[in-house]
Amino acid sequence: MSHSSGPLSATAVHDGRDLPVWGGGALPYAVPSKKLGMWLFIVSDAITFSAVIFAYGYLRLAAPAWPRPFETASIVNATVMTFVLLSSSVAMVLAVRASSLGKVSGAVGWLVATALGGVIFDILHIREWLGLIAEGVRPFSNPWGTPMFGAAFFTMTGLHMIHVTIGVVYLLIIAVGFGRRKLSAVDVEVSGLYWHFVDLVWMFIFPLVYLLSAKMA
Amino acid sequence: MESMPMEVQHHHTAPTSFIRKYVFSVDHKVIGKQYYFLAIFSVFVGMVLSWLVRIHLVWPNIHIWGLGVLSPTGAPGGVMSPDYYLSLLTVHGTLMVFFVLTTAPQAGFGNYALPIQIGAEDMAFPVLNMLSFWVTFLALCALVATLFVKDGPPISGWTAYPPLSAVGSDAGPGLGMGQNLWAVSIALFCVGSLLGALNFIVTTVDLRCKGMTLMRMPLTCWAWLITAILSLLSFAVLFAACVLLFLDRNAGTSFFLPAGLLVNGKLQNHSGGSPLLWQHLFWFFGHPEVYIAIVPGFGVISHVLSVFSRKPVLGYKVIVGCLLSIGFLSFTVWGHHMFLSGMSPYSGFLFSIPTLIITIPATIVSLLWLGTVYGGRLRFTTSMMFGLGFISVFVTGGLGGMFLAQPSLDIFLHGTYFVVGHFHMVMGVAAIFGMFAGTYFWFPKMFGRMLNEKLGKVHFWITFVGVYCIFMPMHFIGLEGMPRRYSSFVNDAMQPLMPVHTFMTIAALTTGAAQFIFFFNLFWSMYKGAKAPDNPWESTTLEWTVPSPPPFDNFGGKHPVVSYDAYEYGVTRNGKDYIMQTDPPGQPASS
Ligand code: HEM
Ligand SMILES: [Cu+2]
């Protein structure tokens, strides 16, 4: 039986020379592997957060009434937290810039500043948690209404807090590694991606959890 | 940013200690085999469990040796209780869907062959790769552990629907510790799969060798890439769902639990949640998951059909396009698993339409496979037989899907054996045929020896006829109304159909026994098989340019350069009918 040529043999034999031959490696997208890896991690992590936020929306819309307990003091506290986190992102930008210019001590300094922002955020947040717990908020009950309020609050903010805490450790490891010149500017940049992402998630949680549950005057 | 060289070269040296070489190895080839053997272990346990449930279905009072020891409460004296039937069914389904169909086709063969096929020395993140495997291994341990804890594995099935799965041990056996272990196992599995998916995508994008453009990649690589994207986007949701389930069970939250639940006479202290929320999250993952299981098979089948037909794949670009559109559409159809959940008929309609549309690319791909084979100079190797068998079982199972996709029909069919027949054909059997085709195809490369083809043919024919005997009748008893997930049918209207069940059980035991031919072939050939040449199938892709088995860094320090598409068969050049991808360019071939 002869090989059927013509329309069926769609992949005709090419003369390799006049095809654009790609040189291999990361050329066509110019993205170093680590950076692409972090981007993909962020995509999947963002989806995990989305699923939790979806669950919150689903249950909140289904509930006959959802508590709006946050007084001005809570909102101010959360606003300060937002401000701290945003500032830490600015510090992160500066760290990335310093590292790409090869300024090792500058980069390390800004990385530590970023991590410090994360620590302050965590402290403010835990203080807030403790306050709410003192008021009787639990994952299974609270003084104001549907028990799902506490469940959603602790789950969403808790998941975010874990990310901030991991981020602090991660940034400090990068700072030490970069300070000892074991890590490159790309590593700093990649850690920056993570940090900005965690920051961005908060920009969703802040309005959804706090502002939508602010006490109406 | 300083201009730094891209991280293409991994200069690691071969490890020497046993632990580094075979246990905590970062070599993608070793990790691929580890995943493969993890799947073999799981498929073996899963198969034994399926025998037990099939036996119980038709002989509910039979004493099964050893079962009483494994679970004195679930099977007192070796006689399985109805609850224990459900427990074992849960482990069967979870093992098969997650630890077999999601590991071997993607992480097993993908890990082994993807880097070599694209001309890379290893995956982009070898250490992460090792981590993925060991996390998956822990997940398997957690699942297997459910068999040994006090009241056994959960009775809630592989889909773990709440309220049953969320209320705790009051609701029945296995819903305490067993269900917790299940949730932990699946959450860990998600992590392992996510890390693996990330690694696959980065590797495919960044580490292709010179000349290996995307459109020159073997279709296997396309399939692994698309599967990895599906995993990345869907396991993230299942992970969240497992976390919420775990909180419901252990922190007192009520994400999946409504108010006023009375369980075995006890009012549950939960309110405000919705069991439907789990169904949405689960099936948002669950439908893409079925394609995660089957798309690597699509890749392998396209590949082996071309090799053994000595013809280029028909419509390479169309297949790539179809795989991409199947991948995309698979995120839009999850509601077809929920037609009976009380959704509005308009939503049912909305989910029905994309479900039917998905059959279009699936049909195109199937026709292109037939077109690839048509007019070829066929070589009926075992791998080829399983490739052809794949088309058969996939189309048969897919036809059942078209019935289920109609909400009006599904209202009747949803809770019946029709669904069981459908998904076993189209997902279970088809994906496993893909794995068999891959095993018979790549074994020579992986182990440096040939599998026995005679045993392979016997294995193929018994399996092929066997799976039709097991799963076709399920469609018909389903149409008759036989419900799924019942442990036995005694003294009820289903009695006249029991002989069909007996037939299916005997077929299952026979087909299962035939798998020992495969296991024997596998382990015997590993040590005693004929030595494999570098390129036993006269195939064109890069893995066949290196020794069998390949050296630690795959290409022995050389950097392959690719000048040809992946499927240059049916030509005449230097007395051969194919052109290796790495052959030097220039000399026009006469065909
Ligand atoms: C040809 C296109 C297909 C269509 C139209 C289709 C349609 C459906 C529908 C509507 C259901 C829900 C039935 C019910 O629960 O009432 C279903 C179940 C299922 N399908 Fe398909 N399907 C198709 C292909 C596939 C493929 C390719 C796979 C796997 C590779 C698959 C795996 C499954 C599984 C695992 C279930 C049942 C899960 C369970 O309830 O335990 N299907 N299918
Ligand atoms: Cu589906």
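Further up the page is the structure itself.
No experiment lies behind these values; they were computed from the predicted model shown.

Trainee: Teacher, can you tell me more about the overall build of chain B here?
Mentor: In terms of helices and strands, chain B carries 16 helices and four strands. At 24 Å, chain B has a C-alpha radius of gyration in line with the 25 Å of a compact globule built from 591 residues. Taken along the three principal axes of its C-alpha coordinates, chain B extends 80 × 60 × 50 Å. Summarising the internal contacts of chain B: among those between residues at least 6 apart in sequence, 78% fall at separations of at least 24. For chain B, the exposed surface amounts to about 20,700 Å²; the carbon and sulfur share of it is 72%.

Trainee: Mind showing me how you'd approach helix α9 (residues 275–309) of chain B here?
Mentor: An α-helix turns once per 3.6 residues; consequently, residues spaced three or four apart project the same way. Residues and elements named next belong to chain B. Compared with an ideal rise of 1.5 Å per residue, which puts 35 residues at 51 Å, α9 spans 50 Å between its outermost C-alpha atoms and is within 8% of the ideal. One side-chain oxygen at the N-terminal end of α9 lies 3.1 Å from the backbone nitrogen of L276; it belongs to S274. Positive phi shows up at R310, right after α9, with a value of about 50 degrees.

Trainee: Would you mind showing me how to read the site of ligand 1 here?
Mentor: All names here are of chain B. Residues in contact with ligand 1 amount to 23 residues; listed here are only the nearest, W158, D410, H414, H422 and R484. The side chain of D410 places a nitrogen or oxygen atom 2.5 Å from an oxygen atom of ligand 1. Taking H422, its side chain carries an N or O atom lying 2.9 Å from a nitrogen atom of ligand 1. Of all elements in the fold, only α9, α11 (345–373), α12 (382–404) and α14 (417–447) reach the threshold of two or more residues within the shell around ligand 1. Taken together, the residues of the shell around ligand 1 sort by class into 13 nonpolar, eight polar and two charged.

Trainee: Even after reading the chapter, I still don't get empty space enclosed by the protein, so can you show me in this structure?
Mentor: One simple way to see leftover space: roll a probe sized like a water molecule over the atoms. Residue and element names in this part refer to chain B. In total, this model carries six cavities of 30 Å³ or more according to the counting rule given. A volume near 1,000 Å³ is recorded for the largest cavity. If you trace the largest cavity, you find 47 residues lining it, with S50, H92, M96, H424 and F471 closest to the centre. Elements with a minimum of two residues in the lining of the largest cavity: α2 (28–58), α4 (82–100), α14, α15 (453–479) and α16 (498–528). Take the lining of the largest cavity: its biggest share by element is 12 residues, from α14. A class-by-class count of the residues in the lining of the largest cavity yields 32 nonpolar, 12 polar and three charged. By volume, the second largest cavity is sized at about 160 Å³. If you go around the second largest cavity, you meet 18 residues; those closest to its centre are T102, Q106, A107, G192 and S193. Where the lining of the second largest cavity is concerned, the elements lending two or more residues are α5 (103–117), α6 (126–145), α7 (177–206) and α8 (219–250). Looking at the lining of the second largest cavity element by element, the count peaks at six residues for α7. In terms of residue class, the lining of the second largest cavity is made up of eight nonpolar, 10 polar and no charged.

Trainee: Just checking my understanding: could you explain the packing of α2 of chain B against α5 of chain B for this structure?
Mentor: When two helices pack together, their arrangement is given by the angle between the helix axes and by the axis-to-axis distance. All names here are of chain B. Packing of α2 against α5 brings their axes to within 8 Å, and their N-to-C directions diverge by 160 degrees. Here α2 is positioned roughly antiparallel relative to α5, judged by the angle of their axes. Here the hand of the crossing between α2 and α5 comes out left-handed. Contact residues: α2 offers H28, K29, I31, G32, K33, Y35, Y36, L38 and A39, while α5 offers T103, A104, A107, G108, F109, N111, Y112, P115 and I116. Along the lines of polarity and charge, the residues of the contact of α2 with α5 split into 11 nonpolar, five polar and two charged.

Trainee: Sorry, what's going on with the coordination of the iron atom of ligand 1 here?
Mentor: The reference angle at a metal is 109.5 degrees if four donors form a tetrahedron and 90 or 180 degrees if six donors form an octahedron. Residue and element names in this part refer to chain B. Looking at the protein side alone, the iron atom of ligand 1 has one donor only, H422 (NE2), at 2.1 Å. In this structure the copper ion (ligand 2) is found 4.6 Å away from the iron atom of ligand 1. When you line up the elements, H422 lands in helix α14.

Trainee: How should I be thinking about the coordination of the copper ion (ligand 2) in this particular structure?
Mentor: The protein atoms donating to the copper ion (ligand 2) are H287 of chain B (ND1), H336 of chain B (NE2) and H337 of chain B (NE2), with metal-donor distances spanning 1.8 to 2.1 Å. Donor residues binding the copper ion (ligand 2) come from one chain and are separated in sequence as H-x48-H-H.

Trainee: Sorry, what's going on with the nonpolar core here?
Mentor: As a rule of thumb, nonpolar side chains are buried together in soluble globular proteins. Of all hydrophobic cores here, the largest spans 251 residues; its most connected members are F98 and F433 of chain B. With residues up to four places along the chain from it excluded, the contact list for F433 of chain B reads F386, G389, F390, V393, F460, T463, F464 and V467 of chain B.

Trainee: I keep staring at the environment of L86 of chain B and nothing clicks. Help me out?
Mentor: Positionally, L86 of chain B belongs in helix α4. Residues contacting L86 of chain B, with those up to four places away along its chain left out, are P154, I155 and R485 of chain B.

The rules behind each value
- Residues numbered from 1 in each chain as written.
- Chains lettered and ligands numbered in written order.
- Predicted model: local features only at pLDDT ≥ 70, side-chain atom pairs only at ≥ 80, totals over all residues.
- Heavy atoms only, no water.
- Helix = DSSP H or I, 4+ residues; strand = E, 2+ residues; numbered from the N terminus.
- Rg over C-alpha atoms; globule rule 2.2 N^0.38 Å.
- Contact = heavy atoms within 4.5 Å.
- Areas by Shrake-Rupley, 256 points an atom, 1.4 Å probe, with all protein chains shown as cover.
- Expected span 1.5 Å × (residues − 1).
- Polar contact = N/O pair within 3.5 Å; in protein donor to acceptor, adjacent residues only side chain to side chain.
- Near = heavy atom within 4 Å.
- Nonpolar A, V, L, I, M, F, W, Y, C, P; charged D, E, K, R; others polar.
- 1 Å grid on protein atoms, 1.4 Å probe; cavity = no way out; pocket = protein on both sides within 12 Å on 5 of 7 lines; lining within 4 Å.
- Points joined across faces, edges and corners; volume = space filled by probe spheres on them.
- Axes fitted to C-alpha atoms, helices over the stretch in contact; angles between N-to-C directions.
- Parallel < 35°, antiparallel > 145°, perpendicular 65-115°, else oblique.
- Left-handed = near helix turned anticlockwise from the far one by under 90°.
- Donors = N, O, S within 2.8 Å, 3.2 Å for Na, K, Ca; no water.
- Core = buried A, V, L, I, M, F, W, Y, C linked by side-chain atoms within 4.5 Å.
- Buried < 20%, exposed > 50% of the residue type's maximum accessible area, 1.4 Å probe, protein only.

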